[in-house]
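Here's the letter readout for the chains.
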Amino acid sequence: MRYRPRNPHLPGRRLSAKRALRAGLVDEVVHPAVLSRAAEEAALRGGKALVLFDGLDEIPDLKHRQIVRDAISEFADRYGRSHFIVTCRVLSYIDPAWQLTSFPSVTLAPLSERSIDTFIENWYHTLERLGYTSQHAAHAKASELREAARRLIDLAQNPMLLTVMAVVHTYR
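In short, a report on the structure. Just so you know, these numbers come straight off a predicted model, no measurement behind them. Per chain, residues are indexed from 1 in the order of the written sequence. In view of the model being predicted, local features appear only for residues whose pLDDT reaches at least 70, and side-chain atom pairs are presented and counted only at 80 or more, with totals across whole chains, interfaces and linings using the full set of residues. With hydrogens and water excluded, all non-hydrogen atoms of the structure serve as input to the side-chain values.

As for the layout of surface pockets
Link 1 in the chain: Looking at the largest pocket, its volume works out to about 990 Å³.
Link 2 in the chain: Around the largest pocket, the lining comprises 28 residues; the ones closest to its centre are Thr 87, Cys 88, Arg 89, Val 106 and Leu 108.
Link 3 in the chain: If you list the elements that add at least two residues to the lining of the largest pocket, you get strand 2 (83–86) and helix 7 (159–170).
Link 4 in the chain: Side-chain classes follow a simple rule in which Ala, Val, Leu, Ile, Met, Phe, Trp, Tyr, Cys and Pro form the nonpolar group, Asp, Glu, Lys and Arg form the charged group, and the remainder, Gly included, forms the polar group. The class makeup of the residues in the lining of the largest pocket is 16 nonpolar, seven polar and five charged. Any residue with an atom within 4 Å of a point lines the site, the site being either a cavity, points on a 1 Å grid over the protein atoms alone where a 1.4 Å probe fits but cannot get out, or a pocket, an open set with protein on both sides within 12 Å along at least 5 of 7 lines. Grid points are joined across faces, edges and corners, and a volume is the space filled by probe spheres set on the points. For helices the rule is a DSSP run of H or I covering at least 4 residues; for strands it is a run of E covering at least 2, with both sets numbered from the N terminus onward.

Things to note about a nonpolar patch on the surface
Link 1 in the chain: On the surface, Leu 152, Leu 155, Met 160, Leu 161, Val 164 and Val 168 cluster together into a nonpolar patch covering about 490 Å² of accessible area.
Link 2 in the chain: Looking at which element gives the most residues to the nonpolar patch, the answer is helix 7, with four residues.
Link 3 in the chain: Take Leu 161: it is sitting in helix 7. A patch consists of residues exposed above 30% relative accessible area that lack any salt bridge, with like charges linked at up to 9 Å and nonpolar side chains (Val, Leu, Ile, Met, Phe, Trp, Tyr) linked at up to 5 Å. Only the protein chains shown count as covering a residue, and every accessible area follows the Shrake-Rupley method with a 1.4 Å probe. A carboxyl oxygen of Asp or Glu within 4 Å of a side-chain nitrogen of Lys or Arg is what we treat as a salt bridge.

Topic: the pattern of salt bridges
Link 1 in the chain: One pass over the full model with this rule turns up eight salt bridges.
Link 2 in the chain: In this structure, Glu 58 engages Arg 89 in a salt bridge whose closest nitrogen and oxygen atoms are separated by 3.9 Å. Taken together, the positions of Glu 58 in the loop between strand 1 (50–53) and helix 3 (62–78) and Arg 89 in the loop between strand 2 and helix 4 (113–129) put the pair 31 residues apart, joining distant regions of the chain.
Link 3 in the chain: A salt bridge links Glu 113 to Arg 150, with the nearest nitrogen and oxygen atoms 3.4 Å apart. Linking Glu 113 in helix 4 with Arg 150 in helix 5 (residues 135–151), this pair joins segments that are 37 residues apart in sequence.
Link 4 in the chain: For every residue, the accessible area obtained with a 1.4 Å probe (protein chains only) is divided by the maximum for its type, and the residue is called buried under 20%, exposed over 50%, and partly exposed between those limits. Overall, the relative accessible area of 45% leaves Glu 113 in the partly exposed class.
Link 5 in the chain: Shared partners join several salt bridges into a network, and the residues in it are Asp 57, Glu 58 and Arg 89.

In C-alpha cells form, the structure reads like this:
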C-alpha cells in the first residue's frame, strides 16, 4: 500500500481504519478489478487474506505516521482472522512511538549466496518468460549479475538492495 501525503481526509479528522484506508490515506487493499468489495470483505473476515502494508517508515510526517500506525492496528484487529505483514526499515522502527505492539517484530536475515543466486536466476527467467529478453541474453545477464553480486556481497545480501541491483543491471 502506498501512502498519499496530500489526502484531504487527514487534517483534524479521526477516521476508522477502514475509512482511512478506503478514503485514500493509503491505496486500497485489493485493486477493484481483482475482487469486488463484497469478495474483499469476505476474504478479510474469513481469514483468507494476506495483507501487506509496505514501508511504514516511508511516511515522512510524524502525525501521519501515527495515524497510519493506528489505522493498521485497528484494521488488523477488525480482521483478526486474516494475516498481516507490515514492513519498515530497522532503524526507523527502533522508536517505540512507531511500533505496532500487537505485531511480532521480525528482522530479515541476510540472503545467503544460494538465495542470491536463486533470486537472480528467477529474475532473469521471469523476464525471459514474459518476453522481455531472449533465453541467451537472460543467461548472460544472470551470469554478469551473479559476478557483480559476489563482488558486492554486503549489498547483495539485502533483499531490497539486491532488487535494486537487478533493476539497474537489467536496464543498463
